[in-house]
Amino acid sequence: MKVRVRLAPSPTGNLHIGTARTALFNWLFAKSLEGEFLLRVEDTDKERSKKEYLENIFLGLEWLGLKWDGSPFIQSERIKEHKDAISYLLEAGLAYRCYATEEELEEMRASQKRNAKPPRYDNRGRSLSKTELEQYLKEGRSSVIRFRINDEEIIKWNDLIRGPMEWSGKDLGGDMVIARRAESSEIGDPLYNLVVVVDDSQMQISHVIRGEDHIANTAKQILLYDALGIKIPIFAHSPLILNHEGKKLSKRDGVTSITDFKKMGYTSEAMNNYMALLGWSPPDGMDERFNIKDAIKKFSFNRVSKSGAKFDWEKLNWINSQVINQWDKTKLLTSLLELWDTQGWKIQNKEWGLELTKLIAPSLVLLKDALDQGKPFFEDPILNSDAIKQLEMEDAKNSLKMILNELENNPWDGKNRERANEIIKLTMESLKVKKGLIMKSLRASLLGELQGPDLITTWSLLAQINKDQSRIRNSIK
Ligand code: GLU
């Protein structure tokens, strides 16, 4: 069987991480079996579908590198096919027009509530007498179209993630609406379950891979496949992504769209790596930090969990910092230059930029951390209180004076690191002070704080752009 899977997003919001993870599972599965990954835009909700959301979905998938095969299928262009299927079901007696008004249905639900019964459609439209039908038509009542669901039916499928599944017809809420309300001779807008079945079948989808929130839909869809006499695909329902409270990750949790993660400074490699881990666990011997191309060979639904996957920021951060640190430094510099450019910061030359990149790379969790980390190399620092305290220590300023004196007599161009070590040694010996005191004071004067990357490299970079002497001078004024 040729593997053909699809992602079917509705453009009613930006690309959500849950949809992106579904895309990734579909993509990994397709690639692992040399199949095809298709995209279908489910844009039949005219009011809520927006062009900018669609663009966001396309851009998000492209950024993640989850490229789909061929052109996207646009659901709203296929209404004729959907209505043909409905006509067929009507003619075959498998669907019928239900003339119940909204008020009548409301009264039905209220009465179920009064009697402590679960809400469901009571299938009243199935067996209208001739007189009732004539009466409704005379009143000019509109109708929805409902698909018959037998309560006795047991729907079974073998889920690739969940194993054997069983659903009872009586738990599906009664006969299902497949077309919205319309004048009685017309077929109203076709609805989700019907449309998905028609489209998946015409797109020759072999496997439907989607979130577990669609399980009840799958049961209904299987009944529709049977009624339409078309082949049922194989299903896989992946676990939901949960927040730290164990509830479905939602807008209330802050960032949920892929663009937000991108803006925050996460890389697409880290996102793919982390999203794969939201539900899938790599086989023994495979690290949690992997390249998504390597995951293709190892991916299978046997290792996808049935229970919800908790979103873990720490793990995402850890993966992102690993990715950034493993990037080729020229590639990283290109990204950092874009960031630095937003502040008007320019590098002296590429070699200097690369050295700075290498210096700060290990401490970057997010790309945008390079703003904080890079700042002292482009702007003179304001000394923080720890740095001020350090410079007030006995011998601190004397040591710096001596270093400055050395530099003024014989400036360091930042190239030969031995020179820096010699100056420090000389200061230690002449003033009889500890190396630690000199290093800390030097750091305070060069960076304005006591934390930071390797000191000699920092000094060297500042010396290369003639900033070391002026900073030392300012700090001992
Ligand atoms: N448009 C549906 C959604 O975004 C698609 C569900 C499906 O994959 O069938 O949830």
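Above this note sits the structure.
Keep in mind it's a predicted model, so treat the numbers as computed, not measured.

A.B. asks: Can you tell me about the overall build of the chain, naming the residues and giving the values?
C.D. replies: In terms of helices and strands, the chain carries 20 helices and 12 strands. For 477 residues, the compact-globule estimate of 2.2 N^0.38 gives 23 Å, and the chain exceeds it by more than 25% at 33 Å. Once the C-alpha set of the chain is aligned to its principal axes, its extents read approximately 115 × 45 × 40 Å. Burial analysis of the chain (477 residues in total) assigns 49% to the buried set. Expressed as a percentage of contacts within the chain between residues at least 6 apart in sequence, the contacts between residues at least 24 apart total 76%. Approximately 23,800 Å² of the chain is accessible, and the part contributed by carbon and sulfur atoms is 49%. On the chain, the mean spot of the 72 positive side-chain charges and the mean spot of the 70 negative ones are 1 Å from each other.

A.B. asks: How would you explain the side chain of R162 if you had to name every residue and give the values?
C.D. replies: Within the secondary structure, R162 sits in the loop between β6 (154-159) and β7 (163-168). Within the structure, the side chain of R162 is placed 2.8 Å from the backbone oxygen of H237, a separation counted as a polar contact. Here the side chain of R162 touches K306 through a polar contact of 3.3 Å, landing on its backbone oxygen. When sequence neighbours within four positions are dropped, the list of residues in contact with R162 reads E212, I215, H237, S238, P239 and K306.

A.B. asks: Help me get a handle on the packing of helix α9 (residues 268-277) against helix α11 (residues 313-326), residues and values and all.
C.D. replies: At a minimum axis distance of 9 Å, the contact between α9 and α11 shows a crossing angle of 140°. Looking at the two axes, α9 sits oblique to α11. When you trace α9 past α11, the crossing you get is right-handed. Across the interface between the two elements, E269, A270, M271, N273, Y274 and L277 of α9 pack against K315, L316, I319, N320 and V323 of α11. Looking at the contact of α9 with α11, its residues break down into seven nonpolar, two polar and two charged.

A.B. asks: Could you give an account of the environment of I388, with specific residues and numbers?
C.D. replies: Relative to the elements of secondary structure, I388 occurs in helix α15 (residues 385-391). Separated by 53 residues in sequence, I388 and S441 have C-alpha atoms that sit 9.4 Å apart.

A.B. asks: So what's going on with the sheet that holds strand β5 (residues 143-147)? Residues and values would help.
C.D. replies: Read from one edge to the other, the open sheet built from three strands follows the order β4-β5-β8, with strand pairing classed as antiparallel. Because the sheet does not close on itself, it has two edges, and the strands there are β4 (95-98) and β8 (176-182). Neighbour-to-neighbour, the strand axes of the sheet open up by a mean angle of 20°, direction not taken into account.

A.B. asks: Lay out the site of the ligand with the relevant residues and their values.
C.D. replies: Around the ligand, the neighbouring residues are R6, A8, S10, E42, Y192, R210 and H214. Within the side chain of R6, a nitrogen or oxygen atom sits 2.6 Å from an oxygen atom of the ligand. In this structure, H214 approaches the ligand through a side-chain N or O atom, which is 3.0 Å from an oxygen atom. Contact with the protein chains removes 78% of the 300 Å² of surface that the ligand exposes when unbound. Within the shell around the ligand, the residues separate by chemical class into two nonpolar, two polar and three charged.

A.B. asks: Account for helix α19 (residues 455-464), with residues named and values stated.
C.D. replies: With 10 of its 10 residues buried, α19 lies for the most part within the structure. Inspection of α19 places L455, I456, T457, T458, W459, S460, L461, L462, A463 and Q464 among the buried residues, and these make up the whole buried set. Next to the buried residues of α19 lie α13 (350-360), α16 (396-409), α17 (417-431), α18 (435-447) and α20 (468-475). Looking one or two residues beyond α19, the residue adopting positive phi is N466, at roughly 55°.

A.B. asks: Which residues make up the packing of aromatic side chains, and what are the values?
C.D. replies: One pass over the structure, following the stated rule, counts 18 aromatic pairs. Ring centres 6.2 Å apart and planes at 40° place the aromatic pair Y266 and W313 in the tilted group. With a gap of 47 residues between them, Y266 in the loop between α8 (258-264) and α9 and W313 in helix α11 connect regions that are remote in the sequence. The class for Y266 is buried, based on a relative accessible area of 3%. Summarising the aromatic geometry, the rings of W412 and W459 are spaced 5.2 Å apart at their centres and angled 80° between planes, so their arrangement reads as edge-to-face. Within this pair, whereas W412 is found in the loop between α16 and α17, its partner W459 is found in helix α19, the two being separated by 47 residues in sequence. Each member of the pair, W412 as well as W459, carries the same accessibility label: buried. In this structure an aromatic cluster arises from ring pairing among F25, F29, W280, F290, F299 and F301.

What counts and what doesn't
Residues numbered from 1 in each chain as written. Predicted model: local features only at pLDDT ≥ 70, side-chain atom pairs only at ≥ 80, totals over all residues. Heavy atoms only, no water. Helix = DSSP H or I, 4+ residues; strand = E, 2+ residues; numbered from the N terminus. Rg over C-alpha atoms; globule rule 2.2 N^0.38 Å. Buried < 20%, exposed > 50% of the residue type's maximum accessible area, 1.4 Å probe, protein only. Contact = heavy atoms within 4.5 Å. Areas by Shrake-Rupley, 256 points an atom, 1.4 Å probe, with all protein chains shown as cover. Lys, Arg positive; Asp, Glu negative; His and termini not counted. Charge placed at Lys NZ, Arg CZ, Asp CG, Glu CD. Polar contact = N/O pair within 3.5 Å; in protein donor to acceptor, adjacent residues only side chain to side chain. Axes fitted to C-alpha atoms, helices over the stretch in contact; angles between N-to-C directions. Parallel < 35°, antiparallel > 145°, perpendicular 65-115°, else oblique. Left-handed = near helix turned anticlockwise from the far one by under 90°. Nonpolar A, V, L, I, M, F, W, Y, C, P; charged D, E, K, R; others polar. Pairing = 2+ DSSP bridges. Near = heavy atom within 4 Å. Phe/Tyr/Trp six-rings, centres within 6.5 Å; stacked < 30°, edge-to-face > 60°.

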